[in-house]
Amino acid sequence: MSLLSVENLNQVYTDAYTHEEMTAVGNVSFDIPEGQFISLIGPSGCGKTTVLNIVAGFIRASGGSVMLAGKPISGPGPDRGVVFQDFALFPWKSVEANIAFGLKMRGVDKAERKRRAREVIELVGLSGFEAKYPHELSGGMRQRVGVARVLATEPTMMLMDEPFASIDAQTRRVLQQEVLRIWEQERPTVLFVTHDVDEAIFMSDRVIVLSSRPSAVQADIEIPIPRPRTWSDVYADPAFVRIRRELMAMLGVDDDEKGS
Amino acid sequence: MTGIALRPSREPLSDSGRRQLARRRARLSSAAWFLSPFVVLVALWAVLVPALDVSPRTFPSLASVWAVFTSGVTDGSLWTQVFASLARVGAGTGLAIAIGVPFGILMGISRGVSGFFSPLLRFSVALAGIAWIPLATLWLGYGTGAVVFIVFNAVFFAVVYTTMLGVRQISTSLLRAARSLGAGPGRMFVEIYLPGAAPSIVTGLRMGMGFAWRGLIAAEIIATSSGLGYTLFLARQYYETDVIILMMITIGVLWLLMDRFLLAPLERRTVERWGARRQVGT
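Only a predicted model underlies this, so the values are computations on that prediction, with no experimental measurement involved. (Residues numbered from 1 in each chain as written. Chains lettered and ligands numbered in written order. Predicted model: local features only at pLDDT ≥ 70, side-chain atom pairs only at ≥ 80, totals over all residues. Heavy atoms only, no water.)

**Things to note about empty space enclosed by the protein**
Residues and elements named next belong to chain A.
Consideration 1: Counted under the stated rule, the structure contains 2 cavities of 30 Å³ or more.
Consideration 2: One number sums up the size of the largest cavity: a volume of about 60 Å³.
Consideration 3: Forming the walls of the largest cavity are F37, V147, L151, M158, M160, V179, I182, W183, E186, P188 and V190.
Consideration 4: Broken down by element, the lining of the largest cavity gets its largest block of residues, 4 residues, from helix 5 (residues 169-186).
Consideration 5: Of the residues in the lining of the largest cavity, the class split is 10 nonpolar, no polar and 1 charged.
Consideration 6: Quantified by volume, the second largest cavity comes out at close to 40 Å³.
Consideration 7: Taken together, V124, R144, V147, L175, E178, V179 and I182 make up the lining of the second largest cavity.
Consideration 8: Listing elements by their share of the lining of the second largest cavity, those giving two or more residues are helix 4 (139-152) and helix 5.
Consideration 9: Of the residues that constitute the lining of the second largest cavity, the class distribution is 5 nonpolar, no polar and 2 charged. (1 Å grid on protein atoms, 1.4 Å probe; cavity = no way out; pocket = protein on both sides within 12 Å on 5 of 7 lines; lining within 4 Å. Points joined across faces, edges and corners; volume = space filled by probe spheres on them. Helix = DSSP H or I, 4+ residues; strand = E, 2+ residues; numbered from the N terminus. Nonpolar A, V, L, I, M, F, W, Y, C, P; charged D, E, K, R; others polar.)

The following block contains the structure:
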């Protein structure tokens, strides 16, 4: 039984300048079973972020249906925690207050909020930074807060929108491993949007490839690499090399041009 | 207003006392720079007025202004006028914040609300200030009410406008993050819109209070029988140039003190604390 089911999703919008009708998402269908880590990749402009935003409830689809645990999605909600590319931390709140925000909205009392926040802070390796403000942290640490803020509320699903795209390459590798380590402990269902093929393979149980506009699902590939994964193991794994080549060809990227 | 004096250079915090010392020295030297033209002015005043034998009906001597000042301080009459004026500024500003901030947030959130009120707001900005004094006195009579209204009017429009801009500058992802974490409309207001717009609100407050302070003096001249503006204007009838000059100095100094020790630090602290917004938001 799948947790999330996206069927014939279609998104049309009117361009603000040309007033032309643009199709961001043509016809996209896929399912995510509970506990699976799924990546959505595709050429730029294929609408993968649009799909995530629709699942998150930030924008309404023009057509098709999105069901979470059998219920249609109407608007954003704490059952789907979102990790943003620009972190979207509240600059006026400390690390701890950022992480406890969702619990506060849910009416959890202060002592319990603190206890749970500390627990998650420990989990993402931010101990000692509870009282810091976002602008005092590096990009990598900010995104740890972003992940922790979502984990604190224990959502049914985690939606991650190119979460590591604005983080330097080295820190990114570390964070990818960290997030996988955390994921293996908590096993939330994840929809992960990225344009980084290596990242998609490394993180996921399945990689869904969208075609360019008007987008549709071009491929749905299982990643048979055993977990727990580390970059040094995965790079050497023949399955990684094979799938990577396959995906690169599908996206029309020459292997050597696009590295990290 | 000299920007240098009001904004000492900000550096990332460091443990080294050396840097702190350098910073203190920089602050001291900027204060000295700020004061230097006034020192020169007072010196010229002390020398020129007796040297040219200026009539006290034209311009008072430094000594006579000083005498009025000390007697005003010792018998408390100066403080009475100062507090009368400050109380009106306080009341008008408080009222303007209480009404202007929520209204500005509403304007920032809703295109419909802002679309409807924007022309009205722009029209009123042109009129804000002393143009309202006749109506204010007709509505509220001669007295504190009319003056408070003038202050309110000046702060209100500035605060509404900057609050609206502040709300619009909050990044979409921040709003989405809050909503997806379960924030309802009431929570959004308190937890996101208000703090998110705070740096902008404080800037508007500072600007609005500048207008209000000027409007206050004008309103007091016309509409009351107490306060700095009233005293300033009353002195004219008796050719008390020393009182006039003292009131002018008091009005200027009070504003500088308010701006420098209340508004500027408030603005700086808000922007500093929110520091990341500029980096992340853009």
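**A short note on unusual backbone geometry**
Residues and elements named next belong to chain A.
Consideration 1: The linkage connecting R213 with the following residue, P214, adopts the cis geometry, with an omega of -10°.
Consideration 2: Its place among the elements puts P214 in the loop between strand 9 (206-210) and strand 10 (215-222).
Consideration 3: A cis amide bond links R227 to the next residue, P228, at an omega of -5°.
Consideration 4: Positive phi, normally seen in glycine, also occurs at E162, with a value near 40°.
Consideration 5: The phi torsion at R187 lies on the positive side, around 50°, for a residue other than glycine.
Consideration 6: Relative to the elements of secondary structure, R187 occurs in the loop between helix 5 and strand 8 (189-193).

**Focus on the pattern of salt bridges**
All names here are of chain A.
Consideration 1: Evaluation of the coordinates by the stated rule reveals 21 salt bridges over all chains.
Consideration 2: Among the ionic pairs, R115 bridges to E119, the shortest N-O distance being 2.7 Å. Separated by 4 residues within a single helix, R115 and E119 lie in helix 3 (residues 110-123), roughly one turn from each other.
Consideration 3: R115 sits in the partly exposed class, given a relative accessible area of 43%.
Consideration 4: E119 is the salt-bridge partner of R116, the closest N and O atoms lying 2.7 Å from each other. Here E119 and R116 lie together in helix 3, a separation of 3 residues that amounts to about one turn. (Salt bridge = Lys/Arg side-chain N within 4 Å of Asp/Glu carboxyl O. Buried < 20%, exposed > 50% of the residue type's maximum accessible area, 1.4 Å probe, protein only.)

**Focus on the nonpolar core**
Note that soluble globular proteins tend to have their nonpolar side chains buried in a common cluster.
Consideration 1: With 97 residues, the main nonpolar core has L4(A), F30(A), L191(A), I192(B) and W213(B) as its most contacted residues.
Consideration 2: Element by element, the count of residues in this core is highest for helix 9 (residues 185-223) of chain B, at 15 residues.
Consideration 3: Residues contacting F30(A), with those up to four places away along its chain left out, are L4(A), S5(A), V6(A), L40(A), V51(A), L191(A) and I208(A).
Consideration 4: L123(A), A148(A), V190(A) and I201(A) belong to the second-largest nonpolar core, a separate cluster that totals 53 residues. (Core = buried A, V, L, I, M, F, W, Y, C linked by side-chain atoms within 4.5 Å. Contact = heavy atoms within 4.5 Å.)

**Concerning the UniProt feature "domain: ABC transporter" (unreviewed entry) in chain A**
Consideration 1: Sites flagged by UniProt as "domain: ABC transporter" (unreviewed entry) map to residues 4-237 of chain A.
Consideration 2: Between the first and last C-alpha atoms of residues 4-237 of chain A the distance is 30 Å; the span itself is 34% helix and 27% strand. (UniProt positions renumbered as here; feature names shortened; annotations may be inferred.)

**Details of the sheet that holds strand 10 of chain A**
Residues and elements named next belong to chain A.
Consideration 1: Pairing is mixed in the open sheet, where 10 strands are placed in the order 5-4-1-2-10-9-3-8-7-6. Each having just a single partner strand, strand 5 (71-72) and strand 6 (80-83) make up the two edges of the open sheet.
Consideration 2: Relative to strand 7 (residues 157-161), strand 6 is paired through 4 bridges, and the arrangement is parallel. Looking across to strand 7, one finds that R80 is bridged to M157.
Consideration 3: Helix 4 rests against strand 6 and strand 7 of the sheet, and its axis sits at about 175° to strand 6. (Pairing = 2+ DSSP bridges. Axes fitted to C-alpha atoms, helices over the stretch in contact; angles between N-to-C directions.)

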